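One-letter residues, chain by chain:
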Amino acid sequence: MQIETYIDSLISYAMNHGLAEPEDHMVLQNRLLEVLGKDDYVQSHEEQTEDLEQILKGILDYACEKGLCEDNVVSRDLFDTKVMGLLTPMPREVIRSFRENFAVSPEKATDAYYKLSCDTDYIRRYRIAKDMRWKYDSPYGELDITINLSKPEKDPKAIAAAKNAPQSSYPKCQLCAENEGYAGRMNHPARQNHRIIPIKVAGEDWCLQYSPYVYYNEHCIVFNQNHTPMKIDRSAFEKLLDFVGTFPHYFVGSNADLPIVGGSILSHEHFQGGHYTFAMERAEVVQRLSFSGYEDIEAGIVNWPMSVIRLDGKDPVRIADLAEKILNCWRGYSDPALSILAETEGEPHNTITPIARRRGELFELDLVLRCNLTTEEHPLGVFHPHADKHHIKKENIGLIEVMGLAVLPSRLKGELTALAQAVAEGRELRADEVLGKHADWIETLKQQYTFTAENALEIILKETGKVFSEVLEDAGVYKNTPEGREGFLRFAHAVNA
């Protein structure tokens, strides 16, 4: 196709998706010519395409051919984001539309905002469609297993370019509001097509946006307008509960505020939420708890591989009161027999991963007890995926996985397929540079299954789900055993003391 065909196709795309009106046509055309370094334009009579991925690929190939863009994945992402930024409405328009829709309903506001985030290619739908997703029926309910491919892996050229790129402290991190409209660089993503919604959370200035990588439906990020560190305290509970009061169709949760059990960005206070029902939400309370002075709050231990106290009530202030009491007790609580130590050599270990949602008229807050203690036997964490599972999952267990959605490393897409083929063919794995790490696991599975070319991949995907379920059990401070349950009840009694 001629470059003019891709330009015309992109303008038609903008019109068809509400990003532009017919009156905008000439300005968009000239903006695109400018960014592509063209001084002339000859209308194409070739058939246009509606496929945004194809349109952008055509524009990128032209830009690389003309020396406007280096031909590596990061440079191409920087350039096509610049192109899509030309079509993206200004913040004032996006905010005005959000507030008009919110006056009708919060759900109408988020529906339209999410659609915009997809249509501007801030959320790259064609990449997300390549993610691997399946379910695993665990003893705790149906877990979501994903291999997320929407975050592209850098090729060697891009890695070298990023290494040599000048360092900058602007924006301070990838969550800061200054990312809105930012051109990006080799070591920081472009965000010209990114728009943020200012909101109030418990009376403070916060912002709402969507994650560009969308691990689940309408995966949103709610972040403090100021670059301030993560902290789990009473105010965090109040903010979470206030958010679901404003957006009752969304859940919202926070990563813990300590390394190993926390998220990847601890320097900027933020939550993650969205319009999705996780297995943890569907899990039922298996043992009721009562806390003195809080008889109006229903409390209980959830049937989950990690250690969860669920609080339900009509008054969010009362829930925050009790959550604070539980947190304060847990911060200083030790049970050496179960390897739970509040601190060692002055370093604190205990914190909480909280998740808030609405359940009808009730406010609900799940408190997941976390401990980041390390030992010689478990140098990455006692309550972290253990070494025998690192061939599948070695990374920290953050908020999303706590709730029952595995975010597995992208390497597994190729490895699991190759592993299934190797097992079906009866090949020796231990000498294989890539697949050797899975050899012990496969030897165990051979005792349970007869592998064939037809069933090998199905079995391996199912057992990968089982490994994730066991990873969550590793991360649980109180195991689902009689000893673990007794320990959990000892802590509940300590809260009442």
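To be clear, the structure that these remarks concern was listed above.
Residue positions are given per chain, counted from 1 along the sequence in the order it is written. Given that the model is predicted, a residue must reach a pLDDT of at least 70 before its local features are reported, and side-chain atom pairs must reach 80 or more before they are shown or counted; all residues, however, enter totals for whole chains, interfaces and linings. Working from all heavy atoms in the structure, the side-chain values ignore hydrogens and water.

Now for the overall build of the chain. Helix and strand assignments follow DSSP, with helices taken as H or I runs no shorter than four residues and strands as E runs no shorter than two, numbered in order from the N terminus. Assigned secondary structure in the chain consists of 16 helices and 15 strands. Atoms counted for the radius of gyration: C-alpha only. Globule rule: 2.2 Å times residue count to the power 0.38. The globule rule puts the C-alpha radius of gyration for 497 residues at 23 Å, and the 25 Å found for the chain is close to it. Based on the C-alpha atoms only, the size of the chain along its principal axes is roughly 80 × 60 × 40 Å. Out of the 497 residues belonging to the chain, those deemed buried represent 54%. In this description, contact between two residues means that some pair of their heavy atoms is separated by no more than 4.5 Å. Within the chain, contacts between residues at least 6 apart in sequence are counted, and of these 64% link residues at least 24 apart. His residues and chain termini do not enter the charge count, which takes Lys and Arg as positive and Asp and Glu as negative. Charge positions come from single atoms, namely NZ of Lys, CZ of Arg, CG of Asp or CD of Glu. Computed over 54 positive and 77 negative side-chain charges, the inter-centroid distance for the chain is 2 Å. Partly exposed describes any residue whose relative accessible area lies between the buried limit of under 20% and the exposed limit of over 50%, with all areas from a 1.4 Å probe on protein chains only and scaled to the type maximum.

Counting buried residues along strand β13 (residues 350-359), eight of its ten residues qualify, which places the element largely inside the surrounding structure. Note that strand β6 (residues 251-253) and β13 share two bridges and pair antiparallel. Paired with Gly-253 across the bridge in β13 is Ile-355. Following DSSP output, two strands are said to pair if at least two bridges run between them. Note: β13 against strand β14 (residues 362-371), ten bridges, orientation antiparallel. Note that in β14 the partner of Arg-357 across the bridge is Glu-364. Hairpin connection of β13 to β14: two residues between the antiparallel strands, including Gly-360 at a positive phi of 70 degrees.

Another aspect to go through is the packing of aromatic side chains. Only Phe, Tyr and Trp rings take part, Trp by its six-membered ring, and two of them pair if their centres are within 6.5 Å. Stacked means planes under 30 degrees apart, edge-to-face means over 60, and tilted covers everything else. All told, the structure shown has 21 aromatic pairs when counted by the stated rule. Summarising the aromatic geometry, the rings of Phe-98 and Tyr-113 are spaced 5.9 Å apart at their centres and angled 85 degrees between planes, so their arrangement reads as edge-to-face. Remark: Tyr-113 occurs in helix α6 (residues 106-119) and Phe-98 occurs in helix α5 (residues 91-104); sequence separation between them is 15 residues. The two residues Phe-98 and Tyr-113 agree in class, both being buried. Centre to centre, the rings of Tyr-170 and Tyr-182 are 5.7 Å apart; their planes meet at 75 degrees, and the pair counts as edge-to-face.

The disulfide criterion used throughout: a pair of cysteine sulfur atoms within 2.5 Å. With the rule as written, the count across this model stands at zero disulfides. Cys-173 takes part in no disulfide bond, and the closest cysteine sulfur, belonging to Cys-176, lies 3.7 Å away. The exposure class of Cys-173 is buried, given its relative accessible area of 9%. A disulfide-free cysteine, Cys-329 has its sulfur positioned 14 Å from the sulfur of Cys-371, the nearest such atom. Owing to a relative accessible area of 18%, Cys-329 belongs among the buried residues under this scheme.

Here we take up the pattern of salt bridges. Just to be clear on terms, a salt bridge is a Lys or Arg side-chain nitrogen sitting within 4 Å of an Asp or Glu carboxyl oxygen. A full pass over the atoms with the stated rule returns 39 salt bridges. Residue Glu-53 is joined to Lys-130 by a salt bridge in which the shortest nitrogen-to-oxygen separation is 3.5 Å. You can see Glu-53 sitting in helix α3 (residues 52-65) and its partner Lys-130 sitting in the loop between α7 (125-128) and β1 (132-138), a full 77 residues away along the chain. For Lys-130, a relative accessible area of 44% corresponds to the partly exposed category.

Our next topic: the packing of helix α1 (residues 3-16) against α3. How two helices pack is summed up by the angle between their axes together with the distance between the axes. One can describe the packing of α1 onto α3 by two numbers: an axis separation of 9 Å at closest approach and a directional angle of 140 degrees. Looking at the two axes, α1 sits oblique to α3. For α1 against α3, the interelement crossing comes out left-handed. Each of Ile-3, Tyr-6, Ser-9, Leu-10 and Tyr-13 in α1 lies in contact with α3, whose residues at this interface are Leu-52, Gln-54, Ile-55, Gly-58, Ile-59 and Tyr-62. Class assignment for the residues of the contact of α1 with α3 results in eight nonpolar, three polar and no charged. Where helices are involved, their axes are fitted lines through C-alpha atoms of the stretch in contact, as for all axes, and angles between N-to-C directions lie from 0 to 180°. Between 65 and 115 degrees an angle is taken as roughly perpendicular, under 35 as roughly parallel, over 145 as roughly antiparallel, and anywhere else as oblique. Here a crossing is taken to be left-handed if its near helix is turned anticlockwise relative to the far helix by less than a right angle, and right-handed if that turn runs clockwise. Note on residue categories: nonpolar means Ala, Val, Leu, Ile, Met, Phe, Trp, Tyr, Cys or Pro, charged means Asp, Glu, Lys or Arg, and polar means any other residue, Gly included.

Right, let's get into the side chain of Asp-131. One can find Asp-131 in the loop between α7 and β1. Polar contact is defined as a pair of N or O atoms within 3.5 Å, subject to the rule that within protein one atom must be able to donate a hydrogen and the other to accept it, and that residues adjacent in sequence are counted only when both atoms are side-chain atoms. Of note is the side chain of Asp-131, whose polar atom sits 2.6 Å from the backbone nitrogen of Leu-149. Apart from the residues within four sequence positions on either side, Asp-131 is in contact with Ile-147, Asn-148, Leu-149 and Ser-150.

Glancing now at the environment of Ile-147. With respect to the secondary-structure elements, Ile-147 resides in strand β2 (residues 141-147). With a relative accessible area of 0%, Ile-147 lands in the buried category. Along the primary structure Ile-147 and Ile-319 are separated by 172 residues, whereas in three dimensions their C-alpha atoms are 36 Å apart. The residues contacting Ile-147, other than those within four sequence positions of it, are Asp-131, Met-132, Trp-134, Leu-408, Pro-409, Ser-410, Leu-412, Lys-413 and Leu-416.

The next subject is the sheet that holds strand β15 (residues 405-408). In spatial order, the strands read β1-β2-β15; together these three strands make up an open sheet with mixed pairing. Each of the sheet's edge strands pairs with one partner strand only, and the pair in question is β1 and β15. For this sheet, the mean angle separating the axes of adjacent strands, direction not counted, is 25 degrees. Relative to β15, β2 runs parallel, the two being bridged by four bridges. Across the sheet, residue Asp-144 finds its bridge partner in β15, namely Leu-405.

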